[in-house]
Amino acid sequence: QLVESGGGLAQAGGSLRLTCVASGGFSRINAMGWYRQPPGKQRDLVAKIFPGSGRTRYADSVQGRFTISSDSAKSTVYLQMDSLKPEDTAVYSCNVNWDSFRRSGFSSWGQGTLVTVSS
């Protein structure tokens, strides 16, 4: 189960921080990421982090403005969003790739949280 929080309304140039807490029968989390789906458009990757190595990946459109981080002890991933733009308006969803004690290769999604940036 993934529970997201932190979405809402922000002005252009402002900041928001998204949080996603993972819980359930996973033995290992391989990757945690944030995706977003603007109105009428497809869902795309925003940022991803690989907790084992600390390696991160960002979409070009958010590079230098957004920062993804994770707390393995809390099974939590964060997305710090700074210098927000109206085009960042979207439903943001958390995704976790994980292994159970018996099987590998699971992928879970959060319910999504709406971020609206006004100009």
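Residues numbered from 1 in each chain as written. Predicted model: local features only at pLDDT ≥ 70, side-chain atom pairs only at ≥ 80, totals over all residues. Heavy atoms only, no water.

## A short note on the packing of aromatic side chains
How two aromatic rings sit relative to each other is given by the distance of their centres and the angle of their planes.
Then comes step 1: Enumeration over the complete set of coordinates arrives at 3 aromatic pairs.
Then comes step 2: Ring centres 6.3 Å apart and planes at 65 degrees place the aromatic pair Phe 26 and Trp 98 in the edge-to-face group. Highlighted residues: Phe 26 in the loop between strand S3 (16-22) and strand S4 (28-37) and Trp 98 in strand S9 (residues 90-99), separated in sequence by 72 residues.
Then comes step 3: For Trp 98, a relative accessible area of 15% gives the class buried.
Then comes step 4: Counting every residue linked through ring pairs, the aromatic cluster contains Phe 26, Trp 98 and Phe 106.
Then comes step 5: Geometry around Tyr 78 places Arg 17 over its ring, the cationic atom sitting 4.1 Å from the centre.
Then comes step 6: It is Arg 55 that lies over the ring of Phe 50; its NZ or CZ is 4.2 Å from the centre. (Phe/Tyr/Trp six-rings, centres within 6.5 Å; stacked < 30°, edge-to-face > 60°. Helix = DSSP H or I, 4+ residues; strand = E, 2+ residues; numbered from the N terminus. Buried < 20%, exposed > 50% of the residue type's maximum accessible area, 1.4 Å probe, protein only. Lys NZ or Arg CZ within 6 Å of the ring centre and 35° of its normal.)

## Considerations on the environment of Ser 53
Then comes step 1: Checked against the element boundaries, Ser 53 lands in the loop between strand S5 (44-50) and strand S6 (55-58).
Then comes step 2: By relative accessible area, Ser 53 is classed as exposed at 56%.
Then comes step 3: Distance in space between the C-alpha atoms of Ser 53 and Ser 15 is 27 Å, their sequence separation being 38 residues.
Then comes step 4: At 3.2 Å, the side chain of Ser 53 and the backbone nitrogen of Arg 55 are in polar contact. (Polar contact = N/O pair within 3.5 Å; in protein donor to acceptor, adjacent residues only side chain to side chain.)

## A look at the sheet that holds strand S8 (residues 76-81)
Then comes step 1: Strand order in the open sheet formed by 4 strands is S1-S3-S8-S7, with antiparallel pairing between adjacent strands. Where the open sheet ends on each side, the last strands, each with one partner, are strand S1 (2-5) and strand S7 (66-71). Shown here is a sheet whose adjacent strand axes are inclined to one another by a mean of 15 degrees, direction ignored.
Then comes step 2: Here S3 pairs with S8 via 6 bridges, running antiparallel. Within S8, the position partnered with Leu 18 by the bridge is Leu 79. (Pairing = 2+ DSSP bridges. Axes fitted to C-alpha atoms, helices over the stretch in contact; angles between N-to-C directions.)

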